[in-house]
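# Observations on the model geometry
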Amino acid sequence: MSRQSLAKAHQKIQELSWEPQYHEPYMKYGTDYTFRKAAKKDPLKQVLRSYFPMQEEKDNRVYGASDGAIRGNMFRQVQERWLEWQKLFLSIIPLPEISAARSMPMLFQAVPNPELHNGQAIQMIDEVRHSTIQQNLKRLYMNNYIDPAGFNNTLRNFHSDYCGTIGRQFAEGFITGDAITAASIYLTIVAETAFTNTLFVAMPAEAAANGDYLLPTVFHSVQSDESRHISNGYATLLMALSDEDNRQLLERDLRYAWWNNHRVVDAAIGTFIEYGTKDRRKDRESYAEMWRRWIYDDYYRAYLLPLEKYGLVIPHDLIEESWNQIWNKGYVHEVAQFFATGWLANYWRIDGMTDDDFEWFEYKYPGWYDKYGKWWENYNRLSRPNGHHPIVAEDVDYVYPHRCWTCMVPCLVREDMVVDKVDGQWRTYCHEACRWTDAEAFRPTYQGRETPNMGKLVGHREWETLYHGWNWADVVEDMGFVRDDGKTLTAQPHLDLDPKKMWTTDHLRRMGPVASPNVILNEMSDADREAFVADYNRQGPAGRPADATS
Amino acid sequence: MTSTEERPERSVPKPVFTDAEAGAKEFPDSGPSARRYNYFKPAKRKQTHYEDVTVEVQPDPRHYLSQGWIYGFADGSAGYPLTWTKLKAWGVDDPEPERGPGSGGRHVADWPAHGWHEFRDPNEEWELTMYRYNANVVRQVTQNVENARQSKAFEQWTPNWVRFVERNVGAWMHIEHILGLYVFAACNRSGPTNMHNTVMAVNSEHKIRFAQDLALYNLTLTEEIEGFDGAAHIEAWNSDPEWQGVRRVVEALTAVDNDWGEMIFATNIVFESLLGELFRSGLVMQSAAGNGDYVTPTVMGSGEYDYAQRDLRWTVAAFAPLTQDREFADHNKEIFNGWLAHWVPLAIEAARTMQPLWSQPDAKPPRFEDSLDRAKNRFAGILTDLGLETPKELNQ
């Protein structure tokens with residue numbers, strides 16, 4: 001930066017603000033929000049003359065550390081249990097990042113405040129950075145970690161995988177539908193302001209504890225950009241709040257965005273942190289403790305609550321319910337168990353839990369062993385091929401769950417599952433909040449109000465649908481989750497790389513076919529469906545069948 | 001006397017030797033051939049670093065996106081519709097794989113399924129390159145201006161040249177800003193592949209940076225030259241008749257009706273060569289030295305380099321194959337020719353509206369007609385590179 005002060009420079013570039021004189025720009029992205037009052041100032045006060053050298057310097061540090069990690073043989077100390085889960089995480093995250101770049105022009109059009117557009121443009125550039133720097137990190141892992149399978153085909157696998165598509169909400173939700181709902185409320189107000197704390201701060205800390213200091217290097221560098229994005233979101237939120245007509249939409253969108261982020265991010269990051277670590281020090285924070293600190297205290301109490309006085313209706317009930325799900329209903333543990341149940345339909349290896357893990361879980365989550373311990377013991381027992389099926393096809397007191405049509409995480413807290421007939425199809429939802437999202441929020445009218453710009457949930461939202469009736473071996477081959485000998489699975493339910501201990505497609509041929517819960521649900525009579533719901537709601541915890549006597 | 005208190009042992013994770021580095025064991029997929037991204041076909045024999053960090057990050061239902069897009073707009077469109085431009089690449093009219101209960105993934109084995117996926121940015125831009133490049137530019141520009149300030153170089157400027165720079169060089173910042181934000185950044189949501197959208201974001205960075213470079217240069221001049229009116233550029237941009245023609249075209253570029261292809265083509269092929277280079281090179285950079293100014297060309301030159309050496313390069317690489325497309329060459333030529341017939345007359349008319357600017361400096365630049373002829377020749381050459389004929393409208 002030259003001798004000109006940043007404030008002066010920023011003030012000068014405001015002279016670039018454009019008021020169209022002959023032609024209005026084409027409005028490609030609509031919103032039902034209105035911005036008739038209160039223009040807000042650009043909170044970033046960032047000019048590119050200082051931005052580019054600053055980012056270059058940050059890059060130099062990241063790439064210097066990358067070289068250091070290789071020269072210092074970091075991978076001799078990396079825990080495989082941890083790095084295997086990065087095959088999933090690093091296949092998902094570059095897409096949300098680049099989608100965030102793509103969402104910024106939606107805001108240029110929806111928010112009629114040229115001063116804010118400067119900050120949004122810088123966010124666009126940041127997001128290109130994040131996406132490509134993360135692709136590059138994955139490339140480094142692929143080149144230097146013992147097992148490249150799964151890293152080398154993530155951008156194919158992630159879209160086919162048994163649970164990968166869940167993560168895609170955290171991308172498409174940013175770029176589709178009402179521009180403010182998507183790019184402002186879902187992306188910046190909730191995803192970036194609340195949940196990047198666990199994504200980009202808490203999780204890298206766990207990486208470091210597992211011998212991987214490159215994930216923190218890259219993601220803390222990424223997080224240093226997020227603070228700017230949070231400011232963008234805050235400025236837009238204050239503008240939206242100044243127009244009373246927006247309050248009903250803000251209430252709707254905060255409910256949707258909060259609940260969906262909780263369902264998706266807590267599922268993934270909770271699993272990575274709790275089940276991907278080997279660090280079982282009793283005084284290291286559990287995901288629940290991190291969540292309480294980073295999300296409940298720092299976001300909910302310190303950020304959201306003060307906005308109440310400006311008229312923001314905060315979804316207190318859903319925030320408390322999210323905590324209830326994590327602390328009392330075992331949400332993260334149920335998800336981890338589900339990911340491991342279908343290990344063969346993934347493209348990373350999932351390590352079993354040991355006595356040390358059991359002890360830690362019991363200490364951090366009293367009562368954990370009674371609920372989940374037996375199942376993980378069965379997981380270990382069934383981890384090497386020895387004449388039995390993979391755990392998903394064995395009787396281990398686990399009822400294969402239905403998917404939630406909205407968040408696509410299965411309905412794992414069985415008592416909360418609801419069904420509804422929406423768009424002519426019977427759908428299961430993991431919670432009433434997800435039913436509301438599909439059946440009421442993502443609709444062209446909301447509480448009697450026209451919302452013509454609201455998006456809709458589309459696509460083949462249940463993974464099992466595409467493979468209904470298929471043999472498991474054919475499923476895995478179709479997805480391409482096979483190693484270079486043509487038959488050894490990319491995924492394994494253990495970390496032993498001895499080829500004799502690894503599962504192949506030959507082992508899967510003996511299994512029964514995949515069945516789509518949703519296809520079956522839609523074939524049921526009304527009476528059968530009611531009985532099914534009643535039974536399902538009595539199942540659990542840990543996916544146990546309903547007690548026949550209760 | 002001091003005493004050392006016993007502290008409890010700090011709780012820290014303990015390093016563990018895991019031997020999880022490449023090559024530690026042999027098993028299926030442990031070999032070097034497994035250590036490359038294997039889900040895309042590189043443009044050349046060996047995949048590049050740029051391809052590794054860019055290709056397939058934006059998925060396509062024709063390839064691996066077997067569950068399809070999961071969020072839609074109100075009209076049902078989702079993802080990155082190929083209909084967001086009238087241009088077509090081979091294969092786009094072929095139906096997407098139909099998937100449903102029991103269909104399997106139906107990944108398209110013969111990839112790419114359409115021609116848009118063949119595009120690669122010849123500049124191979126990703127985050128590392130874009131920060132290095134732009135950081136170098138701003139450092140160089142800052143040093144040039146700072147050196148000029150310290151050596152009192154602005155004192156050599158003629159009064160007429162001061163007025164010229166404050167109004168006209170100043171007015172140009174608005175054009176770069178509008179194109180950067182409302183054409184290139186706006187289109188980075190619209191392109192059919194990650195390669196297209198990333199390069200449009202990078203093009204946007206160049207424009208926004210250059211606009212700010214000009215604004216901050218204007219601020220320095222306000223501080224250094226007595227009587228330099230730092231707000232004159234706003235008045236010139238809003239009111240000077242010489243600027244209204246070009247402003248009309250710039251605003252029209254942002255108003256193109258739902259076609260990213262037309263926006264980018266009309267901007268980087270038509271506008272930039274017939275108006276951008278005409279003004280930046282054909283007027284400012286040619287006339288500055290004669291008016292005692294060696295600084296402005298270095299600031300202007302950085303923007304000129306962005307366009308001439310990088311942004312034009314990717315644009316030609318993106319559009320030229322479409323005129324040779326194995327399925328839609330004629331269709332695309334017709335579309336391009338229609339756009340040329342629309343935008344070239346607007347650009348020529350705007351250029352002629354700018355003509356009085358050539359008379360303002362004391363030391364005259366090349367004649368306007370000579371500059372315009374050079375711009376037209378350059379434009380015709382670009383059209384040849386694209387496989388297009390020069391439109392008759394260029395003769396106006």
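Read on for a plain summary of the structure. These numbers were taken from a predicted model, which means no experiment stands behind them. (Residues numbered from 1 in each chain as written. Chains lettered and ligands numbered in written order. Predicted model: local features only at pLDDT ≥ 70, side-chain atom pairs only at ≥ 80, totals over all residues.)

Attention now moves to the overall build of chain A. Scanning chain A for helices and strands turns up 21 helices and five strands. When its C-alpha atoms are laid out on the principal axes, chain A stretches across 75 × 65 × 40 Å. Taking all 550 residues of chain A together, 57% fall into the buried category. Of the contacts made within chain A by residues no fewer than 6 positions apart, 77% connect residues no fewer than 24 positions apart. (Helix = DSSP H or I, 4+ residues; strand = E, 2+ residues; numbered from the N terminus. Buried ≥ 20, exposed ≤ 12 C-beta atoms within 10 Å, placed from the backbone. Contact = placed C-beta atoms within 7 Å.)

This paragraph deals with the nonpolar core. One finds V409, C430 and V476 of chain A together with L274, L275 and A347 of chain B to be the most contacted residues of the largest nonpolar core, which totals 279 residues. The leading source of residues in this core is helix α3 (residues 159–187) of chain B, at 18 residues. Residues within four places of V409 of chain A in sequence aside, it is in contact with I166, R263, V264, A267, V335, C404 and C430 of chain A. (Core = buried A, V, L, I, M, F, W, Y, C linked by C-beta atoms within 7 Å.)

Moving on, we come to helix α13 (residues 331–341) of chain A. For an α-helix, 3.6 residues make a turn, and residues three or four places apart therefore share a direction. Residues and elements named next belong to chain A. Taken across its eleven residues, α13 has eleven buried, putting it largely inside the fold. For α13, the complete set of buried residues consists of Y331, V332, H333, E334, V335, A336, Q337, F338, F339, A340 and T341. For α13, the elements touching its buried residues are α10 (247–275), α11 (287–304), α12 (316–327) and α15 (368–381).

What follows concerns helix α5 (residues 114–144) of chain A. Between the first and last C-alpha of α5 of chain A there are 46 Å, a value that for 31 residues agrees with the 45 Å anticipated at 1.5 Å per step. With 26 of its 31 residues buried, α5 of chain A lies for the most part within the structure. (Expected span 1.5 Å × (residues − 1).)

Across the contact, 93 residues belong to chain B and 108 residues belong to chain A. Those elements that provide at least two residues to the side of chain B that touches chain A are α1 (49–54), β1 (71–72), α2 (127–150), α3, α4 (194–224) and α6 (241–254) of chain B. For the side of chain B that touches chain A, the element with the highest residue contribution is α4 of chain B, accounting for 14 residues. Split by residue class, the side of chain B that touches chain A holds 46 nonpolar, 27 polar and 20 charged. (Nonpolar A, V, L, I, M, F, W, Y, C, P; charged D, E, K, R; others polar.)

Within the secondary structure layout, G102 of chain B lies in the loop between β1 and α2. The class of G102 of chain B is partly exposed, set by 15 C-beta atoms lying within 10 Å.

Take the packing of α3 of chain B against helix α7 (residues 260–287) of chain B next. All names here are of chain B. Running from N to C, α3 and α7 point in directions that differ by 160°, and their axes come no closer than 12 Å. Judged on the interaxial angle alone, α7 and α3 are roughly antiparallel. Considering only the axes of α3 and α7, their crossing is left-handed. Touching V169, W172, L179, V183 and C187 of α3 are W260, M263, I264, T267, F279 and V284, all from α7. Here the residues of the contact of α3 with α7 sort into ten nonpolar, one polar and no charged. (Axes fitted to C-alpha atoms, helices over the stretch in contact; angles between N-to-C directions. Parallel < 35°, antiparallel > 145°, perpendicular 65-115°, else oblique. Left-handed = near helix turned anticlockwise from the far one by under 90°.)

Phi is mostly negative for residues that are not glycine, and the peptide bonds are mostly trans. In this structure, P541 of chain A follows G540 of chain A across a cis peptide bond, with omega equal to -5°. Tracing the sequence through the fold places P541 of chain A in the segment after α21 (526–537). A cis geometry characterises the amide bond from W111 of chain B onward to P112 of chain B, with omega recorded as 5°. Structurally, the position occupied by P112 of chain B is in the loop between β1 and α2. Backbone geometry at E56 of chain B places phi at a positive 75°, although glycine is not the residue there. Its location among the elements puts E56 of chain B in the loop between α1 and β1.

Geometry only, nothing functional implied.
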